[in-house]
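Chain and residue survey
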Amino acid sequence: MKTEYVIIGEKKERASFIKRAAEVLKEGGLVAFPTETVYGLGGNGLNPLSSKKIYAAKGRPSDNPLILHISDFSMLEELVEEIPESARLLADKYWPGPMTLVFKKKDIVPLETTGGLDTVAIRLPSNEIARELIREAGIPIAAPSANSSGRPSPTSASHVKEDLEGKIDMILDGGEVGIGLESTIIDVTEEEPVILRPGFITKEMLECLLKNVQFDEAVLIRKPGEDFKPKAPGMKYRHYAPKGNLTLFEGEREMVIKTINKEAAFAKEEGKVTAILATDETKDFYEADYVFSLGSIKEVESIAHNLFRVLRKIDEVGAENIFSESFPREGLYLAIMNRLSKAAGYQIKKI
Ligand code: TXA
Ligand code: MG
(Lines give C-alpha, C1' and ligand atoms only; values in the text may rest on other atoms or scores of the structure.)
(Ligands and ions follow the chains in the order given, each with its own letter.)
Protein backbone atom coordinates (compact mmCIF):
# COMPACT_ATOMS: atom_id res chain seq x y z
CA MET A 1 0.00 0.00 0.00
CA LYS A 2 1.23 3.48 -0.78
CA THR A 3 1.02 5.82 2.21
CA GLU A 4 0.15 9.39 1.33
CA TYR A 5 2.14 11.88 3.44
CA VAL A 6 0.87 15.44 3.76
CA ILE A 7 2.20 18.36 5.74
CA ILE A 8 -0.60 20.36 7.30
CA GLY A 9 0.54 23.94 7.43
CA GLU A 10 -1.44 27.07 7.95
CA LYS A 11 -1.88 27.13 4.19
CA LYS A 12 -5.20 27.07 2.41
CA GLU A 13 -4.70 23.41 1.42
CA ARG A 14 -5.30 22.52 5.07
CA ALA A 15 -9.06 22.22 4.69
CA SER A 16 -8.78 20.09 1.57
CA PHE A 17 -6.21 17.73 3.16
CA ILE A 18 -8.46 17.27 6.18
CA LYS A 19 -11.44 16.69 3.93
CA ARG A 20 -9.57 14.00 2.01
CA ALA A 21 -8.40 12.33 5.24
CA ALA A 22 -11.99 12.33 6.53
CA GLU A 23 -13.11 10.60 3.30
CA VAL A 24 -10.43 7.92 3.78
CA LEU A 25 -11.70 7.32 7.33
CA LYS A 26 -15.34 7.11 6.24
CA GLU A 27 -14.41 4.58 3.57
CA GLY A 28 -12.78 2.36 6.21
CA GLY A 29 -9.15 3.43 5.67
CA LEU A 30 -6.51 4.40 8.23
CA VAL A 31 -5.10 7.90 8.80
CA ALA A 32 -2.40 8.89 11.29
CA PHE A 33 -2.93 12.35 12.79
CA PRO A 34 -1.42 14.58 15.47
CA THR A 35 -2.95 15.03 18.91
CA GLU A 36 -1.57 17.09 21.81
CA THR A 37 -0.25 13.92 23.50
CA VAL A 38 1.18 11.64 20.77
CA TYR A 39 0.25 10.84 17.15
CA GLY A 40 -2.80 8.60 16.77
CA LEU A 41 -3.58 5.94 14.17
CA GLY A 42 -7.20 6.64 13.26
CA GLY A 43 -9.95 4.47 11.84
CA ASN A 44 -13.75 4.53 11.94
CA GLY A 45 -14.41 3.46 15.54
CA LEU A 46 -17.88 2.16 14.72
CA ASN A 47 -16.66 -0.08 11.91
CA PRO A 48 -15.30 -3.46 13.13
CA LEU A 49 -13.27 -3.87 9.93
CA SER A 50 -11.45 -0.58 10.50
CA SER A 51 -10.56 -1.63 14.04
CA LYS A 52 -9.23 -4.95 12.74
CA LYS A 53 -7.08 -3.03 10.26
CA ILE A 54 -5.66 -0.90 13.09
CA TYR A 55 -4.64 -4.00 15.06
CA ALA A 56 -3.03 -5.50 11.95
CA ALA A 57 -1.10 -2.33 10.98
CA LYS A 58 0.31 -1.96 14.49
CA GLY A 59 0.85 -5.67 15.10
CA ARG A 60 -1.19 -5.14 18.27
CA PRO A 61 -2.89 -7.93 20.25
CA SER A 62 -6.63 -7.70 19.60
CA ASP A 63 -7.52 -7.86 23.31
CA ASN A 64 -5.97 -4.42 23.83
CA PRO A 65 -8.85 -1.94 23.37
CA LEU A 66 -8.75 1.29 21.36
CA ILE A 67 -9.64 4.81 22.50
CA LEU A 68 -12.51 6.54 20.67
CA HIS A 69 -11.81 10.18 19.89
CA ILE A 70 -14.66 12.67 19.69
CA SER A 71 -14.66 16.32 18.61
CA ASP A 72 -17.49 17.56 20.82
CA PHE A 73 -19.02 16.53 24.13
CA SER A 74 -22.36 16.03 22.37
CA MET A 75 -20.94 12.94 20.59
CA LEU A 76 -20.60 11.14 23.92
CA GLU A 77 -24.24 10.31 24.59
CA GLU A 78 -24.57 8.13 21.51
CA LEU A 79 -21.63 5.96 22.63
CA VAL A 80 -22.02 5.40 26.39
CA GLU A 81 -24.75 3.97 28.66
CA GLU A 82 -24.46 6.68 31.31
CA ILE A 83 -22.43 9.76 32.08
CA PRO A 84 -21.68 9.70 35.82
CA GLU A 85 -21.38 12.95 37.76
CA SER A 86 -17.61 12.44 38.19
CA ALA A 87 -17.24 12.25 34.40
CA ARG A 88 -19.15 15.51 33.96
CA LEU A 89 -16.90 17.26 36.47
CA LEU A 90 -13.75 15.92 34.82
CA ALA A 91 -14.90 16.68 31.29
CA ASP A 92 -15.88 20.22 32.27
CA LYS A 93 -12.40 20.90 33.55
CA TYR A 94 -10.08 18.83 31.32
CA TRP A 95 -11.82 18.33 27.97
CA PRO A 96 -10.71 19.10 25.36
CA GLY A 97 -7.37 17.79 26.59
CA PRO A 98 -5.03 14.92 27.47
CA MET A 99 -7.57 12.86 29.43
CA THR A 100 -9.40 9.65 28.51
CA LEU A 101 -12.47 8.42 30.41
CA VAL A 102 -13.70 4.81 30.50
CA PHE A 103 -17.51 4.38 30.41
CA LYS A 104 -20.00 1.53 30.03
CA LYS A 105 -20.48 1.23 26.29
CA LYS A 106 -23.62 1.22 24.18
CA ASP A 107 -24.18 -1.54 21.60
CA ILE A 108 -23.30 0.78 18.74
CA VAL A 109 -19.61 0.51 19.78
CA PRO A 110 -18.33 -2.78 18.34
CA LEU A 111 -16.51 -5.29 20.55
CA GLU A 112 -13.72 -5.28 17.95
CA THR A 113 -12.99 -1.69 19.01
CA THR A 114 -13.10 -2.39 22.75
CA GLY A 115 -11.08 -5.60 22.66
CA GLY A 116 -14.16 -7.55 23.76
CA LEU A 117 -14.85 -5.35 26.84
CA ASP A 118 -18.28 -3.91 27.69
CA THR A 119 -16.63 -0.57 28.47
CA VAL A 120 -15.26 2.04 26.08
CA ALA A 121 -12.49 4.61 26.49
CA ILE A 122 -13.28 8.09 25.13
CA ARG A 123 -11.10 11.16 24.62
CA LEU A 124 -11.84 14.66 23.38
CA PRO A 125 -8.45 15.94 22.19
CA SER A 126 -7.54 19.63 22.11
CA ASN A 127 -5.34 19.47 19.01
CA GLU A 128 -7.15 21.46 16.32
CA ILE A 129 -6.16 19.19 13.42
CA ALA A 130 -7.49 16.18 15.33
CA ARG A 131 -10.76 17.91 16.13
CA GLU A 132 -11.28 19.24 12.61
CA LEU A 133 -10.66 15.75 11.24
CA ILE A 134 -13.15 14.08 13.60
CA ARG A 135 -15.73 16.79 12.96
CA GLU A 136 -15.32 16.50 9.20
CA ALA A 137 -15.61 12.69 9.31
CA GLY A 138 -18.64 12.97 11.61
CA ILE A 139 -17.81 9.70 13.37
CA PRO A 140 -15.88 8.75 16.50
CA ILE A 141 -12.31 7.90 15.48
CA ALA A 142 -10.67 4.90 17.12
CA ALA A 143 -7.01 5.78 17.57
CA PRO A 144 -4.24 4.05 19.45
CA SER A 145 -0.81 5.64 19.43
CA ALA A 146 0.53 5.46 15.85
CA ASN A 147 3.57 3.27 16.55
CA SER A 148 4.25 -0.38 15.86
CA SER A 149 3.20 -2.35 18.91
CA GLY A 150 6.01 -2.37 21.49
CA ARG A 151 7.86 0.69 20.17
CA PRO A 152 7.82 4.12 21.83
CA SER A 153 4.77 6.25 21.00
CA PRO A 154 5.34 8.71 18.13
CA THR A 155 5.82 12.36 19.01
CA SER A 156 6.40 13.45 15.42
CA ALA A 157 5.10 12.39 12.01
CA SER A 158 8.55 11.05 11.09
CA HIS A 159 8.23 8.47 13.90
CA VAL A 160 4.90 7.38 12.41
CA LYS A 161 6.53 7.06 9.00
CA GLU A 162 9.34 4.93 10.45
CA ASP A 163 6.85 2.45 11.92
CA LEU A 164 3.84 2.46 9.60
CA GLU A 165 4.80 3.56 6.11
CA GLY A 166 3.28 1.20 3.56
CA LYS A 167 0.77 -0.13 6.12
CA ILE A 168 -1.71 2.76 6.32
CA ASP A 169 -3.44 5.08 3.85
CA MET A 170 -2.36 8.51 5.01
CA ILE A 171 -0.17 10.44 7.46
CA LEU A 172 -1.10 14.01 8.43
CA ASP A 173 2.06 15.80 9.55
CA GLY A 174 1.07 18.52 12.00
CA GLY A 175 4.54 19.03 13.49
CA GLU A 176 5.86 17.85 16.82
CA VAL A 177 3.30 17.15 19.53
CA GLY A 178 3.18 19.34 22.64
CA ILE A 179 3.01 16.93 25.58
CA GLY A 180 4.77 13.79 24.37
CA LEU A 181 3.20 11.26 26.79
CA GLU A 182 -0.16 9.54 26.23
CA SER A 183 -3.32 10.74 27.98
CA THR A 184 -4.25 10.05 31.59
CA ILE A 185 -6.88 7.27 31.59
CA ILE A 186 -9.56 7.32 34.29
CA ASP A 187 -12.20 4.64 34.78
CA VAL A 188 -15.47 6.31 35.84
CA THR A 189 -17.64 3.19 35.76
CA GLU A 190 -17.29 2.55 39.52
CA GLU A 191 -18.28 4.65 42.51
CA GLU A 192 -14.69 5.85 42.94
CA PRO A 193 -12.79 6.93 39.81
CA VAL A 194 -9.62 4.92 39.22
CA ILE A 195 -6.54 6.11 37.30
CA LEU A 196 -5.58 3.31 34.91
CA ARG A 197 -2.69 5.11 33.21
CA PRO A 198 -0.89 8.19 34.59
CA GLY A 199 -0.35 11.14 32.28
CA PHE A 200 -0.18 14.91 32.02
CA ILE A 201 -3.34 15.29 34.16
CA THR A 202 -1.93 14.11 37.47
CA LYS A 203 -3.59 12.52 40.52
CA GLU A 204 -2.83 15.71 42.42
CA MET A 205 -4.77 17.72 39.81
CA LEU A 206 -7.71 15.29 39.93
CA GLU A 207 -7.87 15.48 43.70
CA CYS A 208 -8.78 19.15 43.41
CA LEU A 209 -12.01 18.04 41.71
CA LEU A 210 -12.86 14.62 43.14
CA LYS A 211 -13.10 13.49 46.76
CA ASN A 212 -11.72 10.04 46.13
CA VAL A 213 -9.52 8.96 43.30
CA GLN A 214 -7.31 5.89 43.37
CA PHE A 215 -4.53 4.44 41.26
CA ASP A 216 -4.97 1.08 39.62
CA GLU A 217 -2.21 -1.23 40.87
CA ALA A 218 -0.54 -1.25 37.47
CA VAL A 219 0.27 2.46 37.83
CA LEU A 220 2.35 1.85 40.92
CA ILE A 221 5.28 0.52 38.96
CA ARG A 222 5.06 -3.13 39.82
CA LYS A 223 5.37 -5.81 37.24
CA PRO A 224 1.91 -7.21 36.40
CA GLY A 225 1.93 -10.92 37.07
CA GLU A 226 0.23 -13.54 39.12
CA ASP A 227 -0.77 -11.22 41.95
CA PHE A 228 -2.63 -8.54 40.01
CA LYS A 229 -4.06 -7.80 36.59
CA PRO A 230 -4.13 -4.22 35.26
CA LYS A 231 -7.58 -2.86 34.39
CA ALA A 232 -6.26 -1.24 31.22
CA PRO A 233 -5.30 -4.30 29.19
CA GLY A 234 -2.51 -2.37 27.45
CA MET A 235 -0.67 -1.87 30.73
CA LYS A 236 0.30 -5.53 30.86
CA TYR A 237 2.32 -5.53 27.66
CA ARG A 238 6.01 -4.66 27.43
CA HIS A 239 5.98 -1.26 25.80
CA TYR A 240 8.36 1.34 24.54
CA ALA A 241 11.13 -1.20 24.82
CA PRO A 242 14.45 -0.31 23.21
CA LYS A 243 16.23 -3.14 21.44
CA GLY A 244 19.06 -3.02 23.99
CA ASN A 245 18.87 -3.94 27.66
CA LEU A 246 17.62 -1.00 29.76
CA THR A 247 18.06 -0.82 33.54
CA LEU A 248 16.89 1.98 35.85
CA PHE A 249 18.82 3.05 38.93
CA GLU A 250 16.98 4.58 41.85
CA GLY A 251 18.56 6.21 44.88
CA GLU A 252 20.61 9.13 46.07
CA ARG A 253 22.03 11.14 43.13
CA GLU A 254 25.78 10.76 43.80
CA MET A 255 25.42 7.01 44.34
CA VAL A 256 23.33 6.61 41.18
CA ILE A 257 26.00 8.40 39.12
CA LYS A 258 28.78 6.28 40.63
CA THR A 259 26.92 3.01 40.11
CA ILE A 260 25.85 3.78 36.54
CA ASN A 261 29.42 4.74 35.59
CA LYS A 262 30.70 1.50 37.09
CA GLU A 263 28.12 -0.60 35.22
CA ALA A 264 28.77 1.26 31.96
CA ALA A 265 32.54 0.71 32.26
CA PHE A 266 31.92 -2.98 32.89
CA ALA A 267 29.63 -3.28 29.84
CA LYS A 268 32.21 -1.43 27.75
CA GLU A 269 34.87 -3.95 28.77
CA GLU A 270 32.58 -6.66 27.46
CA GLY A 271 32.53 -4.83 24.12
CA LYS A 272 28.95 -3.56 24.40
CA VAL A 273 27.70 -0.27 22.94
CA THR A 274 26.64 1.70 26.00
CA ALA A 275 24.17 4.55 26.49
CA ILE A 276 23.13 6.52 29.54
CA LEU A 277 19.91 8.48 30.13
CA ALA A 278 20.57 11.47 32.33
CA THR A 279 19.45 15.06 32.86
CA ASP A 280 21.00 18.43 31.94
CA GLU A 281 22.25 18.67 35.51
CA THR A 282 24.00 15.26 35.56
CA LYS A 283 24.99 14.44 31.97
CA ASP A 284 28.56 15.78 32.31
CA PHE A 285 29.33 13.36 35.14
CA TYR A 286 28.93 10.28 32.95
CA GLU A 287 31.14 8.34 30.62
CA ALA A 288 29.68 6.02 27.97
CA ASP A 289 29.47 5.72 24.19
CA TYR A 290 26.33 7.86 24.27
CA VAL A 291 25.01 10.08 27.03
CA PHE A 292 21.53 11.48 26.38
CA SER A 293 19.94 14.20 28.45
CA LEU A 294 16.16 14.00 28.81
CA GLY A 295 16.10 17.67 29.82
CA SER A 296 16.44 19.69 32.98
CA ILE A 297 15.27 18.03 36.20
CA LYS A 298 13.62 21.37 36.99
CA GLU A 299 11.41 21.15 33.89
CA VAL A 300 9.36 18.00 34.21
CA GLU A 301 7.27 18.91 31.15
CA SER A 302 10.31 18.99 28.92
CA ILE A 303 11.44 15.59 30.22
CA ALA A 304 7.98 14.21 29.39
CA HIS A 305 8.21 15.80 25.95
CA ASN A 306 11.64 14.32 25.17
CA LEU A 307 11.31 10.81 26.60
CA PHE A 308 9.92 8.86 23.62
CA ARG A 309 12.13 10.68 21.12
CA VAL A 310 15.23 9.78 23.16
CA LEU A 311 14.08 6.16 23.53
CA ARG A 312 13.91 5.96 19.71
CA LYS A 313 17.33 7.59 19.43
CA ILE A 314 18.81 4.84 21.61
CA ASP A 315 17.82 2.28 18.99
CA GLU A 316 19.16 4.44 16.16
CA VAL A 317 22.65 4.48 17.68
CA GLY A 318 22.49 0.74 18.32
CA ALA A 319 22.92 0.91 22.10
CA GLU A 320 23.11 -2.57 23.65
CA ASN A 321 23.34 -1.75 27.36
CA ILE A 322 21.39 1.28 28.54
CA PHE A 323 21.47 2.73 32.04
CA SER A 324 19.01 5.35 33.19
CA GLU A 325 18.48 7.61 36.15
CA SER A 326 15.09 7.49 37.89
CA PHE A 327 12.63 10.21 38.82
CA PRO A 328 10.37 10.88 41.81
CA ARG A 329 7.18 8.81 41.78
CA GLU A 330 4.77 11.72 42.00
CA GLY A 331 3.05 14.32 39.83
CA LEU A 332 3.96 14.19 36.15
CA TYR A 333 7.20 12.40 37.08
CA LEU A 334 5.08 9.36 38.00
CA ALA A 335 3.87 9.13 34.39
CA ILE A 336 7.47 9.36 33.19
CA MET A 337 8.55 6.61 35.61
CA ASN A 338 5.58 4.49 34.53
CA ARG A 339 6.76 4.61 30.87
CA LEU A 340 10.45 4.24 31.75
CA SER A 341 9.93 1.23 33.98
CA LYS A 342 7.86 -0.48 31.29
CA ALA A 343 10.60 0.26 28.78
CA ALA A 344 13.02 -1.39 31.22
CA GLY A 345 10.80 -4.44 31.64
CA TYR A 346 10.71 -3.40 35.35
CA GLN A 347 14.48 -3.87 35.82
CA ILE A 348 14.93 -1.27 38.54
CA LYS A 349 17.98 -1.35 40.82
CA LYS A 350 17.56 0.40 44.13
CA ILE A 351 20.82 1.70 45.50
O1 TXA B 1 -2.97 10.08 24.37
C2 TXA B 1 -3.51 9.03 24.03
O3 TXA B 1 -4.33 8.43 24.77
C4 TXA B 1 -3.17 8.48 22.63
C5 TXA B 1 -3.68 9.46 21.60
C6 TXA B 1 -3.53 8.96 20.19
O7 TXA B 1 -5.00 9.79 21.87
N8 TXA B 1 -3.73 7.17 22.46
C9 TXA B 1 -3.25 6.07 23.08
O10 TXA B 1 -3.87 4.89 22.72
O11 TXA B 1 -2.34 6.10 23.88
P12 TXA B 1 -3.24 3.45 23.02
O13 TXA B 1 -4.12 2.52 22.29
O14 TXA B 1 -1.83 3.44 22.67
O15 TXA B 1 -3.46 3.22 24.53
C16 TXA B 1 -4.77 3.04 25.01
C17 TXA B 1 -4.77 2.43 26.39
C18 TXA B 1 -4.36 0.98 26.40
O19 TXA B 1 -3.53 0.74 27.53
C20 TXA B 1 -5.70 0.27 26.56
O21 TXA B 1 -5.58 -0.97 27.18
C22 TXA B 1 -6.50 1.27 27.39
O23 TXA B 1 -6.11 2.50 26.86
N24 TXA B 1 -7.95 1.12 27.20
C25 TXA B 1 -8.66 1.36 26.08
N26 TXA B 1 -9.96 1.06 26.26
C27 TXA B 1 -10.09 0.65 27.55
C28 TXA B 1 -11.18 0.18 28.35
N29 TXA B 1 -12.41 0.09 27.87
N30 TXA B 1 -10.93 -0.18 29.63
C31 TXA B 1 -9.67 -0.08 30.13
N32 TXA B 1 -8.59 0.34 29.41
C33 TXA B 1 -8.79 0.69 28.15
MG1 MG C 1 0.12 2.95 22.68
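Read on for an overview of the structure. (Residues numbered from 1 in each chain as written. Chains lettered and ligands numbered in written order. Predicted model: local features only at pLDDT ≥ 70, side-chain atom pairs only at ≥ 80, totals over all residues. Heavy atoms only, no water.)

Details of the overall build of the protein
For the protein, the count of helices and strands is nine helices and 16 strands. On C-alpha atoms alone, the protein measures out to a radius of gyration of 20 Å, which is about the 20 Å that the 2.2 N^0.38 rule sets for 351 residues. Taking the principal axes of its C-alpha atoms as reference, the protein extends roughly 60 × 50 × 35 Å. For the protein, with 351 residues in total, the buried portion stands at 58%. (Helix = DSSP H or I, 4+ residues; strand = E, 2+ residues; numbered from the N terminus. Rg over C-alpha atoms; globule rule 2.2 N^0.38 Å. Buried < 20%, exposed > 50% of the residue type's maximum accessible area, 1.4 Å probe, protein only.)

Quick word on helix α8 (residues 300–316)
Taking 1.5 Å per residue as the helical rise, α8 with its 17 residues ought to reach 24 Å, and the 25 Å between its terminal C-alpha atoms agrees with that figure. Taking the largest bend as the criterion, α8 deviates by roughly 40 degrees, centred on L307. All buried positions along α8 are accounted for by I303, A304, H305, N306, L307, F308, V310, L311, R312, I314 and D315. Those residues of α8 that are buried are in contact with α5 (157–164), β13 (274–278), β14 (290–293), β15 (321–325) and α9 (331–343). Following α8 by one or two positions, G318 adopts a phi angle in the positive range, close to 75 degrees. (Expected span 1.5 Å × (residues − 1). Bend = angle between axes of the 7 residues up to and from the residue. Contact = heavy atoms within 4.5 Å.)

A look at the site of ligand 1
Taken together, 29 residues are adjacent to ligand 1, and T37, N64, H69, S183 and G234 come closest. Within the side chain of T119, one N or O atom sits 3.0 Å away from a nitrogen atom of ligand 1. In this structure, R123 approaches ligand 1 through a side-chain N or O atom, which is 3.1 Å from an oxygen atom. At the level of elements, β4 (67–69), β6 (119–123) and β10 (194–197) are the ones that each hand at least two residues to the shell around ligand 1. (Near = heavy atom within 4 Å. Polar contact = N/O pair within 3.5 Å; in protein donor to acceptor, adjacent residues only side chain to side chain.)

Some remarks on the side chain of R123
Its location among the elements puts R123 in strand β6. By relative accessible area, R123 is classed as buried at 2%. At 2.9 Å, the side chain of R123 and the side chain of E36 are in polar contact.

A closer look at the sheet that holds strand β3 (residues 40–44)
Taken in spatial order, the 11 strands line up as β1-β8-β2-β3-β7-β4-β6-β5-β9-β10-β11 in an open sheet, and their pairing is mixed. Two strands close off the open sheet at either side, each with one partner strand: β1 (4–7) and β11 (214–215). As paired elements, strand β9 (residues 184–187) and β10 share three bridges and run antiparallel to each other. Within β10, the position partnered with D187 by the bridge is V194. Here helix α3 (residues 85–94) sits on the sheet in contact with β5 (99–104) and β9, set at roughly 155 degrees to β5. (Pairing = 2+ DSSP bridges. Axes fitted to C-alpha atoms, helices over the stretch in contact; angles between N-to-C directions.)

Thoughts on the sheet that holds β15
The sheet built from five strands is open, its strands ordered β14-β13-β15-β12-β16 with parallel pairing. Strand pairing shows two members of the sheet lacking a second neighbour, β14 and β16 (348–350), which therefore form its edges. Within this sheet the neighbouring strands show an average axis-to-axis angle of 20 degrees, counted without direction. Two strands pair when backbone bridges link them, and strand β12 (residues 245–250) and β16 are joined in this way by three bridges, in the parallel orientation. When the sheet's bridge partners are listed, L248 is paired in β16 with I348. Each of β13, β14 and β15 is contacted by α8, which is oriented at about 170 degrees to β14, the strand it contacts most. Each of β12, β13, β15 and β16 touches α9; the most contacted strand, β12, lies at about 135 degrees to it.

Quick notes on the packing of aromatic side chains
The final tally for this structure, using the stated rule, is five aromatic pairs. Cation over ring: K161 sits above Y5, and NZ or CZ is 5.0 Å from the ring centre. (Phe/Tyr/Trp six-rings, centres within 6.5 Å; stacked < 30°, edge-to-face > 60°. Lys NZ or Arg CZ within 6 Å of the ring centre and 35° of its normal.)

Points about the environment of E191
Its location among the elements puts E191 in the loop between β9 and β10. Of the residues examined, E191 reaches a relative accessible area of 79% and is grouped as exposed. Along the backbone, E191 and P84 are 107 residues apart, and their C-alpha atoms lie at a distance of 9.0 Å.

Details of the packing of α5 against α8
Their axes nearest at 12 Å, the elements α5 and α8 cross at an angle of 45 degrees. Our classification of the angle between α5 and α8 gives oblique. Seen from above, α5 lies across α8 with left-handed handedness. Mapping the contact onto sequence places H159, E162 and D163 in α5 and R309, R312 and E316 in α8. Of the residues in the contact of α5 with α8, the class split is no nonpolar, one polar and five charged. (Parallel < 35°, antiparallel > 145°, perpendicular 65-115°, else oblique. Left-handed = near helix turned anticlockwise from the far one by under 90°. Nonpolar A, V, L, I, M, F, W, Y, C, P; charged D, E, K, R; others polar.)

By themselves these figures say nothing about function.
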